[in-house]
Amino acid sequence: MDARSPDLTQDAAGWRTDAPATKSLAEVNATIAIPTAGVWWRRFLAFVGPGYLVSVGYMDPGNWATDLAGGSKFGYTLLSVILLSNLMAILLQSLAARLGIVTDRDLAQACRATYSPAVNFLLWLACEAAIIACDLAEVIGTAIALKLLFGIPLIGGALLAALDAFLLLLLMNRGFRFLEAFVIAMLVVIAVCFVVQIVAAAPPMAEVLHGFMPKTEIFTNPEMLYIAIGIIGATVMPHNLYLHSSIVQTRAYERNDTGRREAIKWATTDSTIALMLALFINAAILVVAAATFHKSGHSDVAEIGQAFELLSPLLGLGIASTLFAIALLASGLNSTVTATLAGQIVMEGFLDLRLPSWARRLLTRGIAIVPVIVVTAIYGERGTADLLVFSQVVLSMQLPFAVIPLVRFVSDRRKMGKFAIPPYVAAIAWIVAGIIVILNVKLLVDTLFG
């Protein structure tokens, strides 16, 4: 990954001197005030928000497909994968926040200021592929939710999904705090919907707890491994690392050692709490699928539409299916907001290319809509379900290209100074990166030769 070239001059910290010095998300950078006095919880509340924007990516429609498939086919077994991937996410997101707070650069800007133009271009392509894959999941999820709630055909719903390009524009015009409030409100809707469904499903707690224990069969069963890697890809999202390293800088903490130390503490606390909510949502989807579908012998439920049709009859709760669809729509809307921001951060950071947010959104959403329409027209809903799971595997394949640079940067004392992570944290982070790479190589080998 170290592709530095002798003709690229660097400063004492190892940053390229020709890299642009533009602030990340300059229009909202350091715009949210931090109280300098008063009780501690007021300062913490000032930092609450970015973690919840990041957590959205960990419970987007792509997660629903992989969690439903895992729960209906294998019961509670893959809960351990959800737990493991969530712990990995908590660590990686804390590192992303640390990078942004200490260096005043997001991950894309840090890559641009370190690697050669050729390497940066390849990293940008990999990240754009991940964002398009994520966008694909959002289009499918939103279209399915619109069909379930209002009877709109999938193709029509996919076309309507393009209009949410203007949602971020509207929210950003009201201020970044308003954007965060919208996202948190949607997360509350999703959580409430699943609390009701969990209570109705009444899963056996002993089996649920046992499901959080790792099983060797996950690695020996190719079908189970495929879904497990899809869960990791749907949970640990590469574009979220770029997003988090940027939006933590919206807080007007003092840009000195004391201010940065406190910002790291509160930002890490914020993202950890938010990601525990994501763990609950993902586990809830799988538990509902296991308790409802796997238990009743419907082990082939991998489509969101199938789950919608079967939930109310199997649970004996008329509103269960509607709550499921409402949560899905809220998830799609939330994912739209965060993916748009991530796309802007990546394009500006890697290429220093600035497009209006509505133009950027229409471009990526247009790219995602085409395969959805084509697959729906040819294969119907079953095809979109397979496409949804496949999009999460694509996301997983892109993870090393974001994780490896991130771990390198936060371990580098030249770049991070006294805020470089301790050796034991670096060792854990490299183990996480190694697990991701190994799983992806195995998936690739199994796909090509298995």
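Computed from a predicted structure; not experimentally measured.

**Student:** Give a detailed account of the overall build of the protein, specifying residues and quantitative values.
**Tutor:** Each helix and strand in the protein was counted, giving 20 helices and 0 strands. Every one of the 450 residues in the protein was classed for burial, and the buried ones make up 59%. Restricting to contacts in the protein with at least 6 residues of sequence separation, those with at least 24 account for 84%. When the accessible area of the protein is evaluated, it comes to approximately 16900 Å², of which 69% is carbon and sulfur surface.

**Student:** Explain the packing of helix 4 (residues 79-103) against helix 13 (residues 238-247) to me, using residue names and the numbers behind them.
**Tutor:** At a closest axis distance of 7 Å, the pairing of helix 4 and helix 13 adopts a crossing angle of 40°. By the criterion of interaxial angle, the relationship of helix 4 to helix 13 is oblique. As helix 4 packs across helix 13, the resulting crossing turns out to be right-handed. Contacts from Leu-92, Gln-93, Ala-96, Ala-97 and Gly-100 of helix 4 reach helix 13 at Asn-240, Leu-241, His-244 and Ser-245. Residues that form the contact of helix 4 with helix 13 fall into these classes: 4 nonpolar, 5 polar and no charged.

**Student:** Could you give me a rundown of helix 9 (residues 176-201), with the residues and numbers involved?
**Tutor:** With 26 residues, helix 9 should reach 38 Å at 1.5 Å per residue; the first-to-last C-alpha distance of 38 Å fits that figure. Ala-202 occupies a position one or two residues after helix 9 and carries a positive phi of about 45°.

**Student:** An account of the pattern of salt bridges is requested, with residue identities and associated values reported.
**Tutor:** For the structure shown, the criterion picks out 9 salt bridges. In this structure, Lys-415 engages Asp-412 in a salt bridge whose closest nitrogen and oxygen atoms are separated by 3.7 Å. For Lys-415, a relative accessible area of 7% translates into the label buried. Three or more residues are tied together by salt bridges with common partners; here these are Asp-104, Arg-255 and Arg-260.

**Student:** A description of the packing of aromatic side chains should follow, citing residues and the corresponding values.
**Tutor:** Across all of its chains, the model carries 6 aromatic pairs by this definition. Geometrically, the ring pair formed by Phe-44 and Trp-266 is tilted, given 5.5 Å between the ring centres and 50° between the ring planes. Here Phe-44 is found in helix 1 (residues 40-47), whereas its partner Trp-266 is found in helix 14 (residues 257-294), with 222 residues between them in sequence. The two residues Phe-44 and Trp-266 agree in class, both being buried. Site record: aromatic cluster; members linked through ring pairs are Trp-15, Tyr-115 and Phe-409. The cationic tip of Arg-255 hangs over the ring face of Tyr-253; the distance from NZ or CZ to the ring centre is 3.8 Å. The ring of Trp-15 has Lys-415 lying over it, and the distance from NZ or CZ to the ring centre is 4.8 Å.

**Student:** Outline the side chain of Ser-246, supporting the account with residue identities and numerical values.
**Tutor:** Among the secondary structure elements, Ser-246 is positioned in helix 13. Residue contacts for Ser-246: discarding those within four places in its chain leaves Ser-24, Leu-25, Asp-106 and Ile-345.

**Student:** Explain the state of the cysteines to me, and be specific about the residues and the numbers.
**Tutor:** Applying the stated rule across the entire model yields 0 disulfides. Not part of a disulfide, Cys-111 finds its nearest cysteine sulfur in Cys-127, a span of 9.0 Å. Cys-111 gets classed as buried once you look at its relative accessible area, which sits at 0%. Under the relative-accessibility criterion, Cys-127 is labelled buried at 4%.

**Student:** Account for the environment of Leu-78, with residues named and values stated.
**Tutor:** Examined against the element boundaries, Leu-78 turns out to sit in the loop between helix 3 (61-74) and helix 4. With 208 residues separating them along the chain, Leu-78 and Leu-286 place their C-alpha atoms 8.2 Å apart. When sequence neighbours within four positions are dropped, the list of residues in contact with Leu-78 reads Gly-70, Ile-218, Met-224, Ile-227, Ala-228, Ile-231 and Leu-286.

**Student:** So what's going on with the nonpolar core? Which residues, and what values?
**Tutor:** Judged by nonpolar contacts, the single largest core of 150 residues is most densely connected at Leu-78, Leu-107, Phe-176, Tyr-242 and Phe-324. Looking at this core element by element, the count peaks at 19 residues for helix 14. The residues touching Phe-324, leaving out its near neighbours within four places in the chain, are Trp-64, Leu-68, Phe-194, Gln-197, Ile-304, Ala-307, Phe-308 and Leu-311. Ala-130, Cys-134, Met-237 and Leu-395 belong to the second-largest nonpolar core, a separate cluster that totals 5 residues.

**Student:** Can you explain the environment of Gln-109? Please cite residues and give values.
**Tutor:** Mapped onto the fold, Gln-109 is located in helix 5 (residues 107-112). You can call Gln-109 buried: its relative accessible area is 12%. Residues Gln-109 and Ala-19 lie 90 residues apart in sequence; the distance between their C-alpha atoms is 8.2 Å. Look past the residues within four positions of Gln-109 in its chain and what remains in contact with it is Thr-22, Lys-23, Ser-24, Asp-104 and Gly-349.

**Student:** Requested: an account of the confidence of the model for the protein, with residues and values cited.
**Tutor:** Of the residues in the protein, 90% reach a pLDDT of 70 or more, and the chain-wide mean stands at 84. This stretch, residues 1-6, has a pLDDT under 50; its non-local contacts, to residues over four places away or in other chains, come to 16 contacts.

**Student:** Any chance you could break down a nonpolar patch on the surface for me, citing the residues and the numbers?
**Tutor:** A grouping of Val-39, Trp-40, Trp-41 and Leu-45 is seen on the molecular surface, where their side chains present a nonpolar patch of about 410 Å² in accessible area. You can see Leu-45 is positioned in helix 1.

**Student:** So what's going on with the packing of helix 6 (residues 117-150) against helix 16 (residues 320-351)? Residues and values would help.
**Tutor:** Close contact between helix 6 and helix 16 brings their axes to 8 Å; oriented N to C, the two are set at 160°. Considering their axes alone, helix 6 and helix 16 lie roughly antiparallel with respect to each other. In this structure, the crossing between helix 6 and helix 16 has a hand that is left-handed. In terms of residue class, the contact of helix 6 with helix 16 is made up of 19 nonpolar, 8 polar and 3 charged.

**Student:** Before we move on, can you summarise unusual backbone geometry with the specific residues and values?
**Tutor:** Even without being a glycine, Asp-104 presents a positive backbone phi close to 60°. Within the element layout of this structure, Asp-104 appears in the loop between helix 4 and helix 5. The backbone of Ala-202 sits at a positive phi, close to 45°, despite the residue not being glycine. Note that Ala-202 resides in the loop between helix 9 and helix 10 (205-211).

Definitions and cut-offs
Residues numbered from 1 in each chain as written. Predicted model: local features only at pLDDT ≥ 70, side-chain atom pairs only at ≥ 80, totals over all residues. Heavy atoms only, no water. Helix = DSSP H or I, 4+ residues; strand = E, 2+ residues; numbered from the N terminus. Buried < 20%, exposed > 50% of the residue type's maximum accessible area, 1.4 Å probe, protein only. Contact = heavy atoms within 4.5 Å. Areas by Shrake-Rupley, 256 points an atom, 1.4 Å probe, with all protein chains shown as cover. Axes fitted to C-alpha atoms, helices over the stretch in contact; angles between N-to-C directions. Parallel < 35°, antiparallel > 145°, perpendicular 65-115°, else oblique. Left-handed = near helix turned anticlockwise from the far one by under 90°. Nonpolar A, V, L, I, M, F, W, Y, C, P; charged D, E, K, R; others polar. Expected span 1.5 Å × (residues − 1). Salt bridge = Lys/Arg side-chain N within 4 Å of Asp/Glu carboxyl O. Phe/Tyr/Trp six-rings, centres within 6.5 Å; stacked < 30°, edge-to-face > 60°. Lys NZ or Arg CZ within 6 Å of the ring centre and 35° of its normal. Disulfide = S-S within 2.5 Å. Core = buried A, V, L, I, M, F, W, Y, C linked by side-chain atoms within 4.5 Å. pLDDT = per-residue confidence, 0-100. Patch = residues over 30% accessible without salt bridge, like charges linked within 9 Å, V, L, I, M, F, W, Y side chains within 5 Å.

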